[in-house]
Amino acid sequence: MILAGDVGGTKVHLALYNFSAGRLQPVRDQKFHAGEFGSLDAVVKKFLGDARTEEITAACFGCPGPVRNGRIQLTNLPWSLDVRDLTKSLDIEHIFLLNDLEANGYGIPELAPKDIFEIHSGDDAAVGNRGLLAAGTGLGEAFLLWDGKLNQHIPVPSEGGHCDFSPRSDRDIALFEYLRRTLKGRVSWERVVSGMGIQNIYAFLRDDQGKPEPAWLKERMQAEDPNAVIGQCAEDGSSDLCRETLEIFSEAYGAETGNIALKFLAVGGVYLGGGIAPKCLKTLTSGSFTKSYLDKGRLSPLLQSIPVRIILDDSCALLGAAAFAEARASEHSGRSERAASTVRSAVGSAQ
């Protein structure tokens, strides 16, 4: 039995898997609001209930932030995790921590074709490096390094979402200046391309650009999840303010996706993870995302050849964490043949 976790800034998604016939088989999963718990241990114990932890061979958790020496201070969540403490608290022999985008990278090969939506078609036969971005509570980014000798992609985590935001138009410059004033300092890509970014853009249009916010929309924004309201009203066309908010978000997402494609020379494609993209397909496919993605001057023809794919399955990081845990636990226990098979499955070429 494998325990896997996808730890985000707002939710924690946990799952149990069996490993059978060379594949991960889901047993059960559950989502929790992170803010209702004081630690990851507490969430896991709530999830497991009366289950016997001795039946769990290994556990792996994908978390936002850099993992160093088995420790991580989570980004956008006031939790500090340490593999040694978790091992004692949960009584599970093999526990691993991964960057959340690293976990997503291991999960891509586990996805079925129906779990991928191609937003820009390029050279689908090209083999090489890949890029991975995930806009959710924050903005995660990772590099999937192509190893031609092993015929595998190796996920390499980064904190690229915290790099400096780069405005591309007069409207972007106005947004940048607004955010620099309100944040009292530098502006990162995460402040624009993320859940918090969507709310920042909405506030910019309303407070700085004078876009009207009707009373019914203001009431919904106060009573419900603001990002859900903005996304719904943008997609169904019921609010111009929400539509323009998501349009600016889409343009910025496309621009940064193009940046990742260039920086990583991701000829094997760029993947978009996170919870926002699957809920905003109408906006992302309307043209503004692709136009910004391709707008790279003399390198635009290169971008034209690089496909962009949206991950629709929100369990991708869970699958990756589970695949990693199975492989590493097998290595520790000396079942090298099984481990090697799992690693090949986890980081090999996706469909």
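It should be noted that the structure appears before, not after, this text.
In this numbering scheme, every chain counts its residues from 1 along its sequence in written order. Under the rules for a predicted model, residues below a pLDDT of 70 receive no local features and side-chain atom pairs below 80 are neither given nor counted, while totals for whole chains, interfaces and linings still include all residues. Hydrogens and water molecules were not included; the side-chain quantities draw on all heavy atoms of the structure.

Engineer: Explain the overall build of the protein to me, please; I cannot follow it from the model alone.
Structural biologist: Within the protein one finds 13 helices and 13 strands. A compact globule built from 351 residues should have a C-alpha radius of gyration of about 20 Å, and the protein, at 20 Å, falls within 12% of that. If one aligns the C-alpha atoms of the protein with their principal axes, the spans along those axes are about 60 × 45 × 35 Å. A total of 351 residues make up the protein; the buried ones form 54% of that total. For the protein, restricting intrachain contacts to residue pairs at least 6 apart in sequence, the fraction spanning at least 24 positions comes to 69%. With 37 positive and 45 negative side-chain charges, the protein shows a separation of 2 Å between the mean positions of the two kinds. Where helices and strands are cited, they refer to DSSP runs of H or I of at least four residues and of E of at least two residues respectively, numbered from the N terminus. In this description the radius of gyration comes from C-alpha coordinates, and the expected globular size is given by 2.2 Å times residues to the power 0.38. Three labels apply to residues, based on accessible area from a 1.4 Å probe with only protein chains included: buried if under 20% of the type maximum, exposed if over 50%, partly exposed otherwise in between. Should any heavy atoms of two residues lie within 4.5 Å, those residues are counted as being in contact. Neither His nor the chain ends is counted toward charge; the positive residues are Lys and Arg and the negative residues Asp and Glu. Where a charge sits is defined by one atom per residue type, namely NZ (Lys), CZ (Arg), CG (Asp) or CD (Glu).

Engineer: Even after reading the chapter, I still don't get unusual backbone geometry, so can you show me in this structure?
Structural biologist: In most cases, non-glycine residues show a negative phi, while peptide bonds are predominantly trans. One non-glycine residue, D91, lies in positive phi territory at about 60 degrees. A relative accessible area of 55% means that D91 is categorised as exposed. Positioned with a positive phi, K184 is a non-glycine residue whose angle comes to about 55 degrees.

Engineer: What should I look at first to understand the packing of aromatic side chains in this one?
Structural biologist: Think of a pair of aromatic rings as described by two things: how far the centres are apart, and how the planes are tilted against each other in angle. Here a pair means two rings of Phe, Tyr or Trp (six-membered ring of Trp) with centres within 6.5 Å. Their orientation is stacked below 30 degrees between planes, edge-to-face above 60, and tilted elsewhere. By the definition in use, this model includes 10 aromatic pairs. Ring geometry for Y106 against F324: centres 5.3 Å apart, planes inclined by 50 degrees, an arrangement best described as tilted. Taken together, the residues Y106 in helix α3 (residues 100-107) and F324 in helix α12 (residues 316-333) connect sequence positions 218 residues apart. Like Y106, the residue F324 is buried in the burial classification. With 6.5 Å between their ring centres and 10 degrees between their planes, F289 and Y293 make a pair best called stacked. Remark: Y293 and F289 occur in helix α10 (residues 288-294); sequence separation between them is 4 residues, near one turn of the helix. Linked through ring pairs, F249, Y253, F289 and Y293 together constitute an aromatic cluster. Positioned above the aromatic ring of F47 is the side chain of R28, whose terminal nitrogen or guanidinium carbon lies 4.2 Å from the ring centre. Put simply, a charge is over a ring when the Lys NZ or the Arg CZ is close to the ring centre, within 6 Å, and near the line of the ring normal, within 35 degrees.

Engineer: What should I look at first to understand the side chain of E235 in this one?
Structural biologist: Mapped onto the elements, E235 comes out in helix α7 (residues 226-235). Any carboxyl oxygen of Asp or Glu that lies within 4 Å of a side-chain nitrogen of Lys or Arg is treated as forming a salt bridge with it. The side chain of E235 sits in the buried core without any salt bridge; K282 is the nearest counter-charge, 6.7 Å away. Whenever a nitrogen or oxygen atom comes within 3.5 Å of another N or O atom, the pair is scored as a polar contact, on the condition that within protein one atom can donate a hydrogen and the other can accept it, and that pairs from neighbouring residues in sequence are kept only if both atoms are in side chains. Within the local environment of E235, its side chain forms a polar contact with the side chain of T283, the two groups lying 2.6 Å apart.

Engineer: Before we go on, may I ask you to explain the sheet that holds strand β10 (residues 139-147) in this structure?
Structural biologist: Any two strands between which DSSP finds at least two bridges are classified as paired. The sheet built from 6 strands is open, its strands ordered β8-β13-β12-β9-β10-β11 with mixed pairing. The sheet terminates laterally at β8 (116-120) and β11 (152-158), the two strands that pair on one side only. Sheet twist, expressed as the mean angle between neighbouring strand axes with direction ignored, is 25 degrees. Strand direction decides the pairing type here: β10 and β11, joined by 7 bridges, are antiparallel. Looking at β11, one finds that L145 is bridged to I154. Sheet strands touched by α3: β9 (130-135), β10 and β11. Its angle to β9, the strand with the most contacts, is close to 125 degrees. Between the N-to-C directions of two axes lies an angle of 0 to 180 degrees, each axis being a line fitted to C-alpha atoms and, for a helix, fitted only over the stretch in contact.

Engineer: How should I be thinking about the pairing of strand β3 (residues 23-33) in this particular structure?
Structural biologist: Looking down a regular strand, the side chains alternate between one sheet face and the other. As judged from the 10 bridges shared by strand β2 (residues 11-20) and β3, these two strands associate in the antiparallel manner. Its bridge partner lying in β3, S20 is registered against R23.

Engineer: Is there a simple way to explain the sheet that holds β2 in this structure?
Structural biologist: Taking strand neighbours across the sheet as the criterion, the 5 strands line up as β3-β2-β1-β4-β7 in an open arrangement whose pairing is mixed. Edge positions in the open sheet fall to β3 and β7 (94-99), since each of these has one partner strand only. Each strand axis lies, on average, 15 degrees off the axis of its neighbour in the sheet, ignoring direction. When strand β1 (residues 2-7) meets strand β4 (residues 58-63), the two strands line up parallel, connected through 5 bridges. Across the sheet, L3 pairs through a bridge with A59, a residue of β4. Across the sheet, helix α1 (residues 40-48) touches β1, β2, β3 and β4, and the angle it forms with β2 is around 55 degrees. Helix-sheet contacts for helix α2 (residues 83-90) involve β4 and β7, and the interaxial angle to β7 is about 135 degrees.

Engineer: I keep staring at the packing of α7 against helix α8 (residues 240-263) and nothing clicks. Help me out?
Structural biologist: A pair of packed helices can be characterised by two numbers: the angle between their axes and the separation between those axes. Contact geometry of α7 with α8 gives a least axis separation of 8 Å together with a crossing angle of 100 degrees. With respect to each other, α7 and α8 are oriented roughly perpendicular. Seen from α7, the contacting residues are V229, I230, G231, C233, A234 and E235; seen from α8, they are C242, R243, T245 and L246. In what follows, roughly perpendicular refers to angles from 65 to 115 degrees, roughly parallel to angles under 35, roughly antiparallel to angles over 145, and oblique to any angle outside these ranges.

Engineer: Looking at this structure, I do not really get the side chain of S292. What am I missing?
Structural biologist: For S292, the position within the fold is in helix α10. In contact with S292, not counting residues within four places along its chain, are R168, E251, G254 and A255.

Engineer: Mind showing me how you'd approach the pattern of salt bridges here?
Structural biologist: Between side chains of opposite charge, pairing is possible as soon as their charged atoms come close. Per the stated rule, a full pass over the model turns up 21 salt bridges. Here E177 ties to R180 by a salt bridge, and the two come within 2.9 Å at their closest N and O atoms. Of this pair, E177 and R180 both sit in helix α4 (residues 170-183), 3 residues apart, which is roughly one turn of the helix. Judged by relative accessible area, R180 falls into the partly exposed class, the value being 40%. Ionic pairing is found between R243 and E247, a salt bridge with its closest N-O pair at 3.7 Å. Note that R243 and E247 are positioned in helix α8 at a spacing of 4 residues, about one turn of the helix. With relative accessibility at 37%, the residue R243 sits in the partly exposed group.

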